[in-house]
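# Topology and contacts: notes
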Amino acid sequence: MGANDKIILPNIPIEINKDDLKIVFESNIFGFKNVTNLKEEINSNRKFKNVLFQFDSEEAAREVARKGSFNFRFGRSELTLKPHLFLENFEFKPHDSNKKDDEQNKEFKKELENLFTCWIGNIPDLYSEEKLKDFFSQEISKMSLSFHSIKPKFNPKLQKYQCFINLHSEKDAKKVVEYFHESSIGNCKLDAKLRDQSQK
């Protein structure tokens, strides 16, 4: 086993059974990956938890992280969950919701060095970050592309969002730029460009 053979699912409702999540990763959705160990820690508010999954190889963990988000149904509810590659130098500890972005940034900071980022701007303040993630995820899936992560960020001065879509190849990133540039959302024409790798 390697140093990066784990993924983390942050802020999972406490009532979800970690073994039910394990079954998902060991199903055909993720190519029957072998989970060798799992760990959970309850957040301070006692409503959510972080769940850490260890796989039998680094490549298995990376493949799971590259798959992007997936829908998980429990009871009458359904959540969209996103596994993130867990790095050994990232301290695994409970965190509250106002630290969520900082913790996730630490998780894939090193990963960004090997990714290609599509920047999208002029996004109107009409939707939540989760809605924007869902929107861009669905649009990218229409292109039959896989992505590493989607990070909307609100600009309070402009009262608009910008979004960073991280992909595994420059070719895919260019396709995403071409797809979204000058497309429209909420009567606003989007800007899209490939982000300079040196800016990361």
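Note: the structure precedes this text.
All values derive from a computational prediction rather than experimental measurement.

### Details of the pattern of salt bridges
On inspection of all chains with the given rule, the structure shows nine salt bridges. With its nearest N and O atoms 3.5 Å apart, the salt bridge here joins K39 to E41. Of the charged contacts, one joins R73 and E78 as a salt bridge, the two residues approaching to 3.0 Å between their closest N and O atoms. Residue R73 is classed as exposed on the basis of its relative accessible area of 56%.

### Description of helix α2 (residues 58–66)
For α2, the set of buried residues is A60, A61, V64 and A65. Across the axial projection of α2, the buried residues extend over an arc of 135°, all falling on one side. Of the surrounding elements, those touching the buried residues of α2 are β1 (6–13), α1 (18–25), β3 (48–55) and β6 (84–86). Of the residues one or two after α2, G68 is the one with positive phi, at around 85°.

### Observations concerning the pairing of strand β2 (residues 35–42)
Examined bridge by bridge, β2 and β3 share seven bridges and lie antiparallel to one another. Bridged to L38 within β3 is F53. The turn linking β2 back onto β3 is made up of five residues, and R46 within it adopts a positive phi angle of 65°.

About the criteria used
- Residues numbered from 1 in each chain as written.
- Predicted model: local features only at pLDDT ≥ 70, side-chain atom pairs only at ≥ 80, totals over all residues.
- Heavy atoms only, no water.
- Salt bridge = Lys/Arg side-chain N within 4 Å of Asp/Glu carboxyl O.
- Buried < 20%, exposed > 50% of the residue type's maximum accessible area, 1.4 Å probe, protein only.
- Helix = DSSP H or I, 4+ residues; strand = E, 2+ residues; numbered from the N terminus.
- Arc of directions from axis to C-beta.
- Contact = heavy atoms within 4.5 Å.
- Pairing = 2+ DSSP bridges.

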